[in-house]
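Descriptive analysis of the structure
So you can see what is in the structure, the chains are spelled out below.
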Amino acid sequence: MVSYKRLNPEDVQFSNAVLSEEHVPVREEVTVREPEECERPLLSRRPSCSATTGLVVLGSLLLLLCGVWLLATIFWVHRPSNQPPHRPPPPAPAPTPDSRGNGTGAERVGAGRDPQACAATPEAWRFDCYPERGAVVTREMCEARNCCFISVPSSQQPPSGSNGVPWCFYPPEFPSYSLVSVNDTALGQTGRLVREVKTYYPGDILTLELETRHETEMRLRVRITDPSESRFEVPVTVPNATKKAESPAYTVELSKEPFGLIVKRTSTGAVLLNTTVAPLFYADQFLQFSTSLRSKFIYGLGEHRSSFLHSVQWNTLTMWARDVPPVELTNLYGAHPFYLAMEEGGNAHGFFLLNSNAMDVVLQPAPALTWRTIGGILDFYVFLGPDPASVIGQYLEVIGYPAMPVYWALGYHLCRWGYGSSNATWDVVKNMRNQGIPQDAQWNDIDYMEQFMDFTFDPTSFSTLPDLVKDLHTHDQRYVMILDPGISSTQAEYWPYDEGLRRGVFINDSDGNTLIGKVWPGLTAYPDFSDHVTHEWWYDNLKRFHEKVPFDGLWIDMNEPSNFLDGSTNGCPANSLENPPYTPGILGGLLRAKTLCASAKQKTSIHYNMHSLYGLMEAKASACALKRILGKRAFVISRSTFPSHGAYSGHWLGDNRSQWKDLYVSIAGILTFNLLGIPLVGADICGFSEEPQEELCVRWTQLGAFYPFTRNHNAIDMKPQDPTAFSPLAQTAMKQALLLRYSLFPLLYTLFHHAHTLGHTVARPLMFEFPKDIRTYGIDRQFLWGKSLLVTPVLDPGVDYVVGYFPEGVWYDYYTGDPVHSKGEELRLQAPLDKINLHLREGAVIPTQRPNLTLWVSSGQPLHLVSTLSEDGSASGDLFWDDGESIDTYETDQYAYIVFSVIQNVMTSQVLHSHLEATYLTVESASFYGVKEEPSGVLVNSQEAAFTYRANQVLTVADLGLNLSQNFTISWM
């Protein structure tokens, strides 16, 4: 029998090369029957018979009778099961003699269980054999699956609602696939996998094809597919490698029986992937494999409300897009099957499963991880890093780099559900201007619509909406409107629905009729964004409405897609798509819960496969339409997301609450989505639901000023929470925070350029810059902008201080330039209500700008450069600049790029790529933090210049008037 002990690399009996040379007999193909035809009992045996040696005279007759009996027995073994399809098997019957000579039923079902081996399996390494949610697993149920059953004492069980040590788990000898042949290919290898014994889920695919592709030195791709029948694959464009990597940073080893894949880092020998720890399942609607993990430090796996660092204490993360206010242990709006893992010594690697079906991802304290999905194929990547930032860059090379945002996307956005009228909305905008508080964009929620219908506005309450938008444009501000995908289906004359029917753009039910659900406008149809015809229809609708209300950006909500019904007005059919053999732990327990029927038909595939892709495809249609309408970069913010989403849209973290905990967890949210390739992300400042508190709103505005995407938004019937709604003291604190953000726009814009071109993060975890400092691995109360600006917000009520961790090195107070020499320690910082603590890391040059009320005005103001000198007096930085809104400026060379460096008391500005836009900017002043001795003089382009020097070692040179488009030097003696 096979053994699922954890294999070390040296335990593997053969490698790729050895196996490819070994002669392996080819086994006969096994016909895979449909689930409704049969479900062969696990570990069934075929009885044997022989002639009775003592009865020579009757031998021939007995041989004939035995043959007839054998045929009858085989028919019995293969007969169709009487159990309903797509359900776990019933408990095993009590042991009774088998009239056919097979011994007891327990022997037949449980032949693979070794009680001693079961008991010897450490709790942390027990892989769940009965993962069905809500099932009270008994010994009989477990042993019917041929698994080990060991109950856990109640004192060791986790709190209600949490997972714990599985009582039912795979024995070491649980049957799996065998690797029976391997062949070399131009990119790697292919292999044939065969399973001889069926599992307890229907529709086993008994013969599989394995393919390994050594795509780059740092990227391995593995595909396991059904060679006899095409299965659904995610329609996301990925690189198509054409040759094998010559010197990969990884080695791949294959275990033959049971089949397993081991991936090691060549330089250290560290095992990054080891699937030999548990059996491989590959049935029509149940695919599962497990791997050991190199450490307990696992990140990503969105979208969930949790800490940035995931717990590996029996933590199940379910992925299936769902409309639900963020709560723990729940599948939320998006699905991102990618994780980043840290290793010893600061190395890191990543893993991406390209699969869109409903799935569970199980983390356990071994540490180990199990992928469990209910459709598609197994198509995954391993990224070798070796540092965390490189892992993310390699991941984004596969799924696509994020789009470069339009400049005003990085300003302050204001919204609420329940302004009630366009005039009330306009009044808020005017109050913001009167108080001198920056604002770049005004939004409206669904209350602007007529009866909540897309592409309409209320002719009474919002009759002045076109005038409001015109006024915003006059003041260099922008307007963003919400759209939901549900299209009203009950109006007498409604062009979006009527034209949609004519073009056939809506999702159909399993009978081919338009599927009708229910959302805000009542009964609705859902556009099928997987169809290009729908993209054209969407564009036509947007263009028609833009001629009435010239909006500038789109907020696409409810696109999981959300449905107030379960499935449709007609329900959903009773079949295996709606009720699969295994349903992951999704909220509501049904795939159709508050969304569409899984059996609904879309252009590309059934909704069962396409559900979690809906938001991505709507975002793509929206971004493409906006580019065509405006001729500029598109601004789209989407609730539901999937890998590659950043190429089309940003994201907000959904319907949070006005609570201090929500303030804290928002940091983990923005850091996680930066890992997932969607850097334009933020949370609703001050909270969406519940009444806002003034202190909370001040602290949230301070933190929100450093979200990559900054928007204040709240719910209907809640008190206003825009900055002008609070006391003068609170208004001043919020205004200061927002002006601070606007002054840092050149830095933020440059960071987004690096995200767009190199796959960098914008909001960055400390561990990315300090991967060898294990104390940074769990930090999610602080974060960085890029590599140098450390943000330490207040996240608790009633305090005037905050404790922050400072990795080893010199850090400078952003406001004063005072140095902090840290050995890698926590420090207590003063934090009165009007202050958020910012520190600059040694060795940086940060471009800042005199702020104004909009980024259009701010972006034309003079620059101030801040250099933070390291111990050896060096620093460096850069600036990317263009017109802020044209499409593909980097790709078409319509940009300026300048690098700054400080070496041995000389700052140099070098224009590496020139453009007209840079000629409009001047460098007005420069400050140098950490100048250890007062200079005797300062030269600017070899000309003497006035300067100031403070006791805290800050040198400042003002009134420079240097044109950014020309090289310059600043030096001191």
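Residues numbered from 1 in each chain as written. Predicted model: local features only at pLDDT ≥ 70, side-chain atom pairs only at ≥ 80, totals over all residues. Heavy atoms only, no water.

Let's talk about the packing of helix α15 (residues 728–743) against helix α16 (residues 745–758)
Basically, it comes down to this: Here, axes are lines fitted to C-alpha atoms. For helices the fit covers the stretch in contact, and angles between N-to-C directions go from 0 to 180 degrees. We count a stretch as a helix when DSSP gives it H or I for four or more residues in a row; a strand needs E for two or more, and each element gets its number in order from the N terminus. Roughly parallel covers angles under 35 degrees, roughly antiparallel covers those over 145, roughly perpendicular covers 65 to 115, and oblique covers all other angles. Contacts are assigned to residue pairs with any non-hydrogen atoms lying within 4.5 Å of each other. Under the scheme applied, nonpolar residues are Ala, Val, Leu, Ile, Met, Phe, Trp, Tyr, Cys and Pro; charged residues are Asp, Glu, Lys and Arg; polar residues are all the others, including Gly.
Contact geometry of α15 with α16 gives a least axis separation of 5 Å together with a crossing angle of 55°. Between α15 and α16, the angle falls in the class oblique. Together, R741, Y742 and S743 of α15 and F745, P746 and L748 of α16 make up the contact between the two elements. The residue inventory of the contact of α15 with α16, partitioned by class, reads four nonpolar, one polar and one charged.

Some details on the pattern of salt bridges
Rules: A carboxyl oxygen of Asp or Glu within 4 Å of a side-chain nitrogen of Lys or Arg is what we treat as a salt bridge.
Evaluated as defined, the whole model comprises 40 salt bridges. Between R221 and E215 there is a salt bridge; the shortest N-O distance is 3.9 Å. Ionic contacts of the salt-bridge type, sharing partners, join the residues E211, R213, E215, R219, R221, R223, E233, D379 and E397 into one network.

Observations concerning the state of the cysteines
What counts here: Throughout, disulfides are identified as pairs of cysteine sulfur atoms within 2.5 Å of each other. Any residue under 20% of the maximum accessible area for its type is buried, any over 50% is exposed, and the rest in between are partly exposed; the area is computed with a 1.4 Å probe on protein chains only.
Here the structure, examined in full by the defined rule, presents five disulfides. Linked covalently through their sulfurs, C129 and C147 form a disulfide whose S-S length is 2.0 Å. One disulfide, between C129 and C147, carries an S-S torsion of 70° and so falls in the right-handed class. Placement of the pair is C129 in the loop between α4 (115–120) and α5 (139–143) and C147 in the loop between α5 and β1 (148–149), with a sequence separation of 18 residues. Owing to a relative accessible area of 0%, C129 belongs among the buried residues under this scheme. When its relative accessible area of 0% is taken as the criterion, C147 is described as buried. Two residues, C686 and C697, share a disulfide whose sulfurs are 1.9 Å apart. Since a negative S-S torsion denotes a left-handed disulfide, the C686-C697 link at about 85° is right-handed.

Regarding the nonpolar core
Let me state the cut-off plainly: Take the buried Ala, Val, Leu, Ile, Met, Phe, Trp, Tyr and Cys residues and link them wherever side-chain atoms come within 4.5 Å; each set so joined is a nonpolar core.
By size, the foremost hydrophobic cluster in this structure holds 243 residues, and its most contacted members are Y448 and F706. Considering every element that reaches this core, the biggest residue donor is helix α12 (residues 614–630), with nine residues. Those residues in contact with Y448 that sit more than four places away from it in its chain are T456, F457, D458, F462, L465, Y479, M481, I482, L483 and F545. With 29 residues, the next largest nonpolar core counts C129, F149, F281 and W320 among its residues.

Describing the side chain of D226
Worth spelling out the cut-off: As used throughout, the charge tally considers Lys and Arg to be positive and Asp and Glu to be negative, leaving His and the chain termini uncounted. Each polar contact in these results corresponds to two N or O atoms within 3.5 Å; when the atoms are within protein, one needs to be able to donate a hydrogen and the other to accept it, and residues that are neighboring in sequence are counted only if both atoms are side-chain atoms.
The topology assignment puts D226 in the loop between β6 (219–225) and β7 (250–255). Buried D226, no salt bridge; nearest opposite-charge side chain is R231, N-O distance 5.4 Å. A polar contact of 2.8 Å, which involves the side chain of D226, links it to the side chain of S228. When near neighbours in sequence (up to four residues on either side) are disregarded, D226 contacts I205, T207, R231 and Y282.

Regarding unusual backbone geometry
Between G302 and E303 the backbone carries a cis peptide bond, its omega angle lying at 10°. Along the chain, E303 turns up in the loop between β12 (298–302) and β13 (315–319). Note the cis peptide between G385 and P386, where omega equals 15°. Within the element layout of this structure, P386 appears in the loop between β18 (378–383) and α6 (388–399). Within the chain, L329 stands out as a residue other than glycine whose phi angle is a positive 60°. Mapped onto the elements of the fold, L329 is located in the loop between β13 and β14 (336–342). In the Ramachandran plot, Q451 falls in the positive-phi region, its phi being about 55° despite a non-glycine side chain. Here Q451 shows up in the loop between β20 (441–444) and α8 (465–474).

Here's the deal with a nonpolar patch on the surface
For clarity, the threshold we go by: Like-charged residues are merged into a patch within 9 Å and nonpolar side chains (Val, Leu, Ile, Met, Phe, Trp, Tyr) within 5 Å, provided each residue has over 30% relative accessible area and no salt bridge. Using the Shrake-Rupley algorithm and a 1.4 Å probe, accessible areas are obtained, with residue cover drawn only from the displayed protein chains.
Taken together, F452, W520 and F564 make up a surface patch of nonpolar side chains, about 250 Å² in accessible area. Mapped onto the elements, F564 comes out in the loop between β25 (553–556) and α11 (607–610). The class for F564 is partly exposed, based on a relative accessible area of 33%.

Considerations on α12
Let me state the cut-off plainly: Helices are assigned an expected span. That span is 1.5 Å times one less than the residue count.
Helix length check: α12, at 17 residues, gives a terminal C-alpha distance of 24 Å against a target of 24 Å (1.5 Å per residue), a fit within 8%. Counting buried positions along α12 gives twelve out of 17 residues, so the element sits mostly inside the fold. Every buried residue belonging to α12 is among Y614, G615, L616, M617, E618, A619, A621, S622, A623, A625, L626 and I629, and all of these are buried. Packed against the buried residues of α12 are α10 (532–546), β25, α11 and β26 (636–638). At the exit of α12 stands G631, carrying a positive phi of roughly 70°.

Structural notes on helix α7 (residues 422–434)
For clarity, the cut-off: Note that the arc is computed from the directions linking the helix axis to the C-beta atoms.
Between its first and last C-alpha atoms α7 spans 18 Å; for 13 residues at 1.5 Å apiece the expected length is 18 Å, and the two agree. Of the positions making up α7, those classed as buried are S422, T425, W426, V428, V429, M432 and R433. All buried residues of α7 project into a common sector of 155° when viewed along the axis, lining one side. G436 lies just past α7 and shows a positive phi near 70°.

A short note on the packing of α10 against α12
Put simply, the test is: If you view the pair so one helix is near and one far, a crossing is left-handed when the near helix is turned anticlockwise from the far one by less than a right angle, and right-handed when it is turned clockwise.
For the pair α10 and α12, interaxial distance at closest approach is 9 Å and the crossing angle is 50°. In terms of orientation, α10 and α12 fall into the oblique class. Seen along the crossing, α10 lies across α12 with a hand that is right-handed. Across from H535, E536, W538, Y539, L542, K543 and H546 in α10, the residues of α12 making contact are M617, E618, K620, A621, S622, A625, R628, I629 and L630.

Topic: the sheet that holds β7
Heads up, the rule is: Following DSSP output, two strands are said to pair if at least two bridges run between them.
Here three strands make up an open sheet; going across it, the order is β7-β8-β9 and the pairing antiparallel. Taken across any chain shown, the strands that pair with only one partner, and hence form the sheet edges, are β7 and β9 (271–274). Averaged over all neighbouring strand pairs, the angle between strand axes comes to 15°, with direction disregarded. Relative to strand β8 (residues 260–265), β7 runs antiparallel, the two sharing six bridges. The residue bridging V252 from the neighbouring strand is V263, located in β8.

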